[in-house]
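Close look at the chain arrangement
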There are 4 protein chains.
Amino acid sequence: MVKVGIIGGTGYTGSELLRLLSRHPRVTIGAITSRAEAGRNVADLFPSLRGRCDLTFTDPEGEGVFAGCDVVMSATPNGIAMTHAPRLLAEGVRVIDIAADFRIRDIAVWEQWYGMKHACPGLVAEAVYGLPERHRAAIRKARLVANPGCYPTAVQLGFLPLVENGLVDLSSLMASAVSGTSGAGRGAHVPMLFAEAAESVKAYAVGGHRHQPEIAQGLAQMAGQPVEFVFVPHLVPMIRGIHATLYARLKDPSVDVQALYETRYRDEPFVDVLPAGGHPETRTVRGTNLCRIAVHRPKGTDKVVVLSAIDNLTKGASGQAVQNLNLMCGFAETEGLDEIALFP
Amino acid sequence: MVKVGIIGGTGYTGSELLRLLSRHPRVTIGAITSRAEAGRNVADLFPSLRGRCDLTFTDPEGEGVFAGCDVVMSATPNGIAMTHAPRLLAEGVRVIDIAADFRIRDIAVWEQWYGMKHACPGLVAEAVYGLPERHRAAIRKARLVANPGCYPTAVQLGFLPLVENGLVDLSSLMASAVSGTSGAGRGAHVPMLFAEAAESVKAYAVGGHRHQPEIAQGLAQMAGQPVEFVFVPHLVPMIRGIHATLYARLKDPSVDVQALYETRYRDEPFVDVLPAGGHPETRTVRGTNLCRIAVHRPKGTDKVVVLSAIDNLTKGASGQAVQNLNLMCGFAETEGLDEIALFP
Amino acid sequence: MVKVGIIGGTGYTGSELLRLLSRHPRVTIGAITSRAEAGRNVADLFPSLRGRCDLTFTDPEGEGVFAGCDVVMSATPNGIAMTHAPRLLAEGVRVIDIAADFRIRDIAVWEQWYGMKHACPGLVAEAVYGLPERHRAAIRKARLVANPGCYPTAVQLGFLPLVENGLVDLSSLMASAVSGTSGAGRGAHVPMLFAEAAESVKAYAVGGHRHQPEIAQGLAQMAGQPVEFVFVPHLVPMIRGIHATLYARLKDPSVDVQALYETRYRDEPFVDVLPAGGHPETRTVRGTNLCRIAVHRPKGTDKVVVLSAIDNLTKGASGQAVQNLNLMCGFAETEGLDEIALFP
Amino acid sequence: MVKVGIIGGTGYTGSELLRLLSRHPRVTIGAITSRAEAGRNVADLFPSLRGRCDLTFTDPEGEGVFAGCDVVMSATPNGIAMTHAPRLLAEGVRVIDIAADFRIRDIAVWEQWYGMKHACPGLVAEAVYGLPERHRAAIRKARLVANPGCYPTAVQLGFLPLVENGLVDLSSLMASAVSGTSGAGRGAHVPMLFAEAAESVKAYAVGGHRHQPEIAQGLAQMAGQPVEFVFVPHLVPMIRGIHATLYARLKDPSVDVQALYETRYRDEPFVDVLPAGGHPETRTVRGTNLCRIAVHRPKGTDKVVVLSAIDNLTKGASGQAVQNLNLMCGFAETEGLDEIALFP
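All of these numbers come straight from a predicted model, not from anything done at the bench.

Residue and element names in this part refer to chain C. Ordered in space as E9-E10-E8-E11-E14-E13-E12, the 7 strands form an open sheet in which the pairing is mixed. Where the open sheet ends on each side, the last strands, each with one partner, are strand E9 (202-203) and strand E12 (271-273). Alignment of E12 against strand E13 (residues 291-296), held across 3 bridges, turns out to be parallel. Considered in E13, the bridge of Val271 is made with Cys291. In the packing of helix H7 (residues 150-164) onto the sheet, the strands contacted are strand E8 (173-179), strand E10 (229-235), strand E11 (242-249), E12, E13 and strand E14 (303-310), and the crossing angle to E11 comes to about 35°.

For the pair chain B and chain D, the best superposition has an RMSD of 0.0 Å and corresponds to a rotation of 180° with a translation of 0.0 Å parallel to the axis. With respect to symmetry, the two chain copies, as superposed, fit the operation of a two-fold axis. The fraction of interface residues of chain B whose copies in chain D are also interface residues reaches 100%, indicating that both copies meet through the same surface.

A word on the interface of chain A and chain D. In this assembly, 46 residues from chain A lie in contact with 46 residues from chain D. Of the roughly 3,700 Å² buried at the junction of chain A and chain D (both faces included), carbon and sulfur atoms supply 58%. Contact with chain D buries surface across chain A, with Glu199, Val201 and Tyr247 of chain A losing the most and accounting together for 17% of the total. Taken together, chain A and chain D are joined by 4 salt bridges. For the pair chain A and chain D, the interface holds 27 residue pairs in polar contact (both at pLDDT 80 or more). Elements with a contribution of two residues or more to the side of chain A that touches chain D: strand E8 (173-179), helix H8 (194-197), strand E9 (202-203), strand E10 (229-235), strand E11 (242-249) and strand E14 (303-310) of chain A. With 4 residues, E8 of chain A is the largest single contributor of residues to the side of chain A that touches chain D. Its residues assigned to classes, the side of chain A that touches chain D shows 22 nonpolar, 13 polar and 11 charged.

We now examine the UniProt feature "active site" (unreviewed entry) in chain A. Residues and elements named next belong to chain A. In the numbering used here, UniProt assigns the feature "active site" (unreviewed entry) to Cys150. Here Cys150 shows up in helix H7 (residues 150-164). Judged by its relative accessible area of 13%, Cys150 is buried. Look past the residues within four positions of Cys150 in its chain and what remains in contact with it is His211, Ile242, Ile310, Asn312 and Gly316.

Residues and elements named next belong to chain B. Taken across its 7 residues, strand E7 (residues 173-179) has 7 buried, putting it largely inside the fold. Burial along E7 is two-sided: the face carrying Leu173, Ala175, Ala177 and Ser179 and the face carrying Met174, Ser176 and Val178 are both buried. For E7 and strand E9 (residues 229-235), the ladder comprises 7 bridges, and the chain directions are parallel. Across the sheet, residue Ser179 finds its bridge partner in E9, namely Leu235. Direction of pairing for E7 relative to strand E10 (residues 242-249): antiparallel, over a ladder of 6 bridges. Counterpart to Ser176 in the pairing with E10 is Thr245.

As a further point, take the domain arrangement of chain A. Residues and elements named next belong to chain A. Domain annotation of chain A identifies domain 1 (2-126) and domain 2 (151-311). In this complex, domain 1 contributes 15 residues to the contact, which on the side of domain 2 involves 12 residues. When domain 1 packs against domain 2, close to 1,200 Å² is buried across both sides, 51% of that on carbon and sulfur atoms. Three residues, Tyr12, Arg103 and Trp113, lead the burial of domain 1 against domain 2; their summed loss comes to 50% of the area buried on that side. Put simply, domain 1 and domain 2 have 2 salt bridges between them. For the pair domain 1 and domain 2, the number of links is 6 residue pairs in polar contact (both at pLDDT 80 or more).

This brings us to the packing of helix H7 (residues 150-164) of chain B against helix H10 (residues 257-264) of chain B. Residues and elements named next belong to chain B. Running from amino to carboxyl end, H7 crosses H10 at an angle of 105°, the nearest separation of the two axes being 10 Å. One finds that H7 runs roughly perpendicular with respect to H10. On the side of H7, the interface is formed by Gly158, Phe159, Leu160, Pro161, Leu162 and Glu164, while H10 contributes Val257, Leu260, Tyr261 and Arg264. Looking at the contact of H7 with H10, its residues break down into 7 nonpolar, 1 polar and 2 charged.

Moving on to the nonpolar core. Membership of the largest hydrophobic core comes to 41 residues, with the highest contact counts inside it found for Leu162 and Phe229 of chain A. The element contributing the most residues to this core is H7 of chain A, with 9 residues. Contact partners of Phe229 of chain A, with chain neighbours within four places excluded, come to Val155, Phe159, Leu173, Met174, Ala175, Gln212, Ile215, Ala216 and Leu219 of chain A. Counting 40 residues, the second largest nonpolar core, distinct from the first, contains Leu162, Leu173, Leu246 and Ile293 of chain C.

Let us look at the pattern of salt bridges. Counted by the stated rule, this structure contains 104 salt bridges over all chains. A salt bridge links Arg264 of chain A to Glu164 of chain A, with the shortest nitrogen-to-oxygen separation between them at 2.8 Å. Taken together, the positions of Arg264 of chain A in helix H10 (residues 257-264) and Glu164 of chain A in helix H7 put the pair 100 residues apart, joining distant regions of the chain. Residue class for Arg264 of chain A comes out partly exposed when judged on its relative accessible area of 23%. Taking relative accessible area as the criterion, Glu164 of chain A reaches 28% and is therefore assigned partly exposed. Ionic contacts of the salt-bridge type, sharing partners, join the residues Glu16, Arg19, Arg23, Arg240, Asp311 and Glu339 of chain A together with Asp338 of chain B into one network.

What counts and how
Residues numbered from 1 in each chain as written. Chains lettered and ligands numbered in written order. Predicted model: local features only at pLDDT ≥ 70, side-chain atom pairs only at ≥ 80, totals over all residues. Heavy atoms only, no water. Pairing = 2+ DSSP bridges. Helix = DSSP H or I, 4+ residues; strand = E, 2+ residues; numbered from the N terminus. Contact = heavy atoms within 4.5 Å. Axes fitted to C-alpha atoms, helices over the stretch in contact; angles between N-to-C directions. Least-squares fit on C-alpha atoms with pLDDT ≥ 70 in both. Buried area = accessible area lost by both parts, 1.4 Å probe. Salt bridge = Lys/Arg side-chain N within 4 Å of Asp/Glu carboxyl O. Polar contact = N/O pair within 3.5 Å; in protein donor to acceptor, adjacent residues only side chain to side chain. Nonpolar A, V, L, I, M, F, W, Y, C, P; charged D, E, K, R; others polar. UniProt positions renumbered as here; feature names shortened; annotations may be inferred. Buried < 20%, exposed > 50% of the residue type's maximum accessible area, 1.4 Å probe, protein only. Domains from an automatic or database assignment. Parallel < 35°, antiparallel > 145°, perpendicular 65-115°, else oblique. Core = buried A, V, L, I, M, F, W, Y, C linked by side-chain atoms within 4.5 Å.

This is the structure:
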């Protein structure tokens, strides 16, 4: 059994981690911290865990709070993990940050988008970007994993076979993606009220979203050169799920994109390429660690359209973090991640 | 391993059975039938099962379709199981009917409410009503189990401690319950369209709902005498979940109802009595086999209000059927039923 | 034209007032105040009003802010209107409070439920309870109207014919009601987030809800004696709408309740009694000032079930306030209230 | 008063027409037909119209059913209006078809996409495409108006200023659009059930959607040359609303697109260009005839992103049909179309 600590488990990525780890056959949760909720039973805050989790939140500043933990997973807002990571790593504890502190290589870019000074820029270069479909070998050996963002997971997995193989015009990359409201976290904000978000759709942050540079960095790394990537996120009335619709111009319209995707993802346990003509539905991945993908070639054009669906809290956050944990610990990659989506 | 056959698995109770049994550690699915979908892959109809279930629907009239099956579970509309049960039982196969064919003891009442002639009235007396919290011992030995309806499960578990103990005025029993739309099944009916059922609430069948006599029969059996029970079902804009609000007059207002419920359900694996003052939310039982209950005593009155929440497709249908299967097969009652509800 | 001022128009009752008054043919809006938003364009806060309302929020403490207004309508949280009413009335301005400051006659009861000291208890006796179907004549002449709460409107209109005529056992009154989330206002509270309130139902405040004493007072006034009234409110995943399911024991089960309701409400412009056997849907009253009602007599019992549906923000708040305004000003009662609900 | 007849008013475009025309100050409804519902009260089928519409459905084949009507509006499925139009026009009745029979100029293209033979190809050339922002003058004089589709309205209004002025690379046009489920009509189809469509998003018909050729035809007509247009429609869990996200490469990235849109739409009563940086929400146009548009220029690229939001049943269907009716009859263009969207 591996002993895992959780920093800041009061939000949605925290509750999702608890749901997954409570049933993980090779993990025990050593401690879960929250400054605001210290002393409170976890099941009081998350009633779905009544009878399944008898942990109590502890103060993150307490002495030896993560003593004996092999891995610490950080489910805090941005800017917190970087204040804990140096000490934990020094103590020999491996760290997975589900937030964004270690995702962007260029410190100046990170500081501009996240509006704060980085607390440990020296660690950023060491951090492994936790997208197993790209960096599996490095994740296995990593001390510090930067778990990808939700949109970046859906978009990068969708573009990956095309960009890795140099098949598309890198100035034509566009993603129009929609997300459920849980992507905004558990903070109490008026636009996320049911009465505001139900029965409506809107784009947001079209002028600049933090996931744009993260995705652009990943695509550039796959391509070996910079890319021009337009990103349009939208809010839709559902709790969980991201659906990304990707668009690019093919250099050679005769390439068999269906075969390309099937081949690239054949051995991936969590990427499911639908048969030609398919349309992935977010409900079929809800609560699971799957990314379902379909590829289309609009008639009479040299364009390709890729559809990519994930659960933003599972493959887009805590599920992928558990997948990374499994890799780091030498477990089967699917351990504790065998959920089947509710239908309906 | 126990080999299970499924009759008519193309609806929502069928897909829920498949979800649960696909992960059940002591069950293999021997066959799943559908007249309409014979020959089709199960995962084509239920894309959430892609990669997790490689069964093909077979014709229910085929020769030896359930050969080797120990138990057959019927997930068909009402009136089908009764045409299969006699033959299956004769062949030594045990049967669980998730529909209503064997729930009502009085054949005339059944025929009136279900609008057809019963095909095997002689078997009704033998059928055990599959509410484990009332009939556990009999279920263990049953050849034929009549799995309770969704509303009847929520309402009977809510009233059970009061009625079993003779604590309430039996002419004062009322249940106002709401259900998600999956309770209406997968048939294509205009009132169940998203555009009709979203952003609205209505009561329905207040003049008479089939679950009224089923509940009245169960309460009368608990009480040892007839009861007067008013039932008002409602449709609300959610997919899964039943919330039943129960009302009764206490004979003795000084009784400690909280203690009564906690004691009665202390050892029940799937009934969770909330602390005093609680309000169960359907989302905390979604996809699980739990019934969460809270008890209230409105100030200045001799009334009791009980709140009872289940997932209509799990504890209200297929989950309870698996619980009954576990009892019949001598498995741990919770085997394959350890899901934690998604949050959020 | 009547000139109307609005106090505190930044919440949902405020935006609903603006929607209705912007199109009212006999009203001009003289001023709309908000401490927090003073100086901001109304349409910035409520983008649905872009191009239809060019008002700017003003400071409620400003000199002569309501100068020239004939009527001031208060759409603030509880406890604000009572600080403005004495001065406004002294200046000859009539006042409609959409919040609860003047609804409860017994000051001690009000102070207990609302947790504050009443600022002008002397005015409470003068205030007319703004339920036109009960108090039309008094509203016409009122200086100060206490607009009813949302649940109290649906429940009182539902019970009214039975209780006014002494037809029911006054110890048997029960209402199980569901509300959309807009009833909780525009405050940013975690339980009202889309990710928390969607795909779930729960009862709340079963131990005591502020609308219980308001309803009990109204029913007692109709009955001429105290009543025992149990109230169970629930939250459901919709934006607007209240559906109340009422239950009572008839003294004489042979009474023709359908005829009773049709007669009582024949001339009411905003109460629609459905044909026997009907089930009102909240969507059919959404955005309108209607209350649709159906009456049922469960077979084999001496009980009556009444179903009552309103839009909590229209007939349950701002629409009824405009109805009261029309009465006070001698306009046709339906002026500015002729909306037809969207379908679907 | 103008007398209007409605063919086939039992679907969602029919109920929306009834809602709008019932309150239109210069229109009376002469007749409304339905083969299936002949003899039934309109308000039985559409309970939101109880007390507001006392029409009865009549048989469309009846003698003189539209006698005395000045205009007939067809709200039927595709393929019906073309069987009525020749006779009506011959009788001097003007016709507005809300379906697709007269939208596509190229009969072969129409027959391929709609899978039937056109009944009156000779009339197609005469029909005026009812997008007032493009064809106002012609609509005024038209005998036969082809009301645009829902997606085509949102997408064409979004691209119009750019394409009319030759500012974009015509091989780079892409629209990713989402629609509420009412766009699929009132037919009872499993994928449109609440239990299937709620809490999920999917793209559909990416291999080919009937609105693609309609939009491509419109854009080509604006451009004066063929265009390459990729269209990706999606289904989202809401009842009403379309949000289209448009993407194109600017020939000259220095053009002031914000000013371009503000100028082009300055005098349009139903197009609202948001201030720079805006994001239109579908809820702000729900039930209204408005199209709200925002324009964005992603940093560091030569691309433009346009966001366009309409109500698919109002500006996307029946509202635009009433706008066309107003133009044809010489009424104020906004007559009967002054609804303000509910908020929330």
